[in-house]
Amino acid sequence: MVNDLLPASPEAAEEAGLTEIDLCEATDYYKTGRGGAPNGATSFRFSRQAALANWDAFDRAEVLLTQPLCIVIGDRPGGFGSYRAGFEIYGRAASEEKELVVVEGASHYDLYDRPGPVEEALSHLVPFYEKHL
């Protein structure tokens, strides 16, 4: 059995009455020419669900994540957790040199390819990497 993570199209999301920002914007990105790819993964096998539920992407960040770190998030949080995760990894990272950039008016998916939010993110990332790479 395969679980679809997103509606088939933005129109299908609208017809189903779905309004959650991350779900709608992910659908707009991954299910259209904007970011869709022929072999893009927007589903997973049901048998993998337990492994996903138990996985902690930030496990041992307090010990292992010591390199300089720049986190960029938009200030429009959605249900997928990217906004909260940005604050969490920033707080948990052992990095002594770290920066948290919150792009006003941007969602997680705006930071993928929308010119204004991407330019704002890059205005922080480029100098950060020039200093630390």
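Residues numbered from 1 in each chain as written. Predicted model: local features only at pLDDT ≥ 70, side-chain atom pairs only at ≥ 80, totals over all residues. Heavy atoms only, no water.

Caption draft 1: Geometry of the environment of arginine 84. Residue position: arginine 84 is located in helix α5 (residues 82-92). With a relative accessible area of 47%, arginine 84 lands in the partly exposed category. With near-sequence residues (within four places) excluded, arginine 84 lies in contact with Gly78 and Gly79. (Helix = DSSP H or I, 4+ residues; strand = E, 2+ residues; numbered from the N terminus. Buried < 20%, exposed > 50% of the residue type's maximum accessible area, 1.4 Å probe, protein only. Contact = heavy atoms within 4.5 Å.)

Caption draft 2: Spotlight on the pattern of salt bridges. Under the criterion given, the structure shown has 11 salt bridges. A salt bridge links arginine 92 to aspartate 56; its shortest N-O distance comes to 3.8 Å. Of this pair, arginine 92 sits in helix α5 while aspartate 56 sits in the loop between α3 (49-54) and α4 (61-64), and the two are 36 residues apart along the sequence. The class for aspartate 56 is partly exposed, based on a relative accessible area of 37%. Where arginine 92 meets glutamate 62, a salt bridge forms, and the shortest distance between an N and an O atom there is 2.7 Å. In this pair, arginine 92 sits in helix α5 while glutamate 62 sits in helix α4, placing the two residues 30 residues apart along the sequence. Via salt bridges that share partners, Glu25, Asp28, Arg34, Arg76, Asp110, Asp113 and Arg114 belong to a single interconnected network. (Salt bridge = Lys/Arg side-chain N within 4 Å of Asp/Glu carboxyl O.)

Caption draft 3: Representation of the layout of surface pockets in the model. Here the largest pocket is characterised by a volume of approximately 290 Å³. When residues of the lining of the largest pocket are assigned to their parent elements, the largest contribution, four residues, is made by α5. When the residues that make up the lining of the largest pocket are grouped by side-chain class, the tally is seven nonpolar, three polar and three charged. By volume, the second largest pocket is sized at about 220 Å³. Taken together, 16 residues form the lining of the second largest pocket, with Val72, Ile73, Ser82, Tyr83 and His108 sitting closest to its centre. Elements represented by at least two residues in the lining of the second largest pocket include exactly β3 (69-74), α5 and α6 (110-113). In the lining of the second largest pocket, the residues fall into eight nonpolar, six polar and two charged. (1 Å grid on protein atoms, 1.4 Å probe; cavity = no way out; pocket = protein on both sides within 12 Å on 5 of 7 lines; lining within 4 Å. Points joined across faces, edges and corners; volume = space filled by probe spheres on them. Nonpolar A, V, L, I, M, F, W, Y, C, P; charged D, E, K, R; others polar.)

Caption draft 4: Up close: the pairing of strand β4 (residues 98-103). In this sheet, β4 lies alongside β3 in parallel orientation, the contact comprising six bridges. Looking at β4, one finds that cysteine 70 is bridged to glutamate 99. Each parallel crossover has a hand, and the one from β3 via α5 to β4 is right-handed. (Pairing = 2+ DSSP bridges. Right-handed = clockwise from strand over helix to strand, strands pointing away.)

Caption draft 5: Molecular detail of the packing of aromatic side chains. Summed over all chains, the structure comprises seven aromatic pairs. Note on tyrosine 109 and tyrosine 112: the rings are 5.0 Å apart at their centroids and 65 degrees apart in plane angle, and the pair reads as edge-to-face. Taken together, the aromatic side chains of Tyr29, Tyr30, Tyr109 and Tyr112 make up a single cluster linked through ring pairs. The side chain of lysine 98 reaches across the aromatic face of tyrosine 90, ending 4.9 Å from its centre. (Phe/Tyr/Trp six-rings, centres within 6.5 Å; stacked < 30°, edge-to-face > 60°. Lys NZ or Arg CZ within 6 Å of the ring centre and 35° of its normal.)

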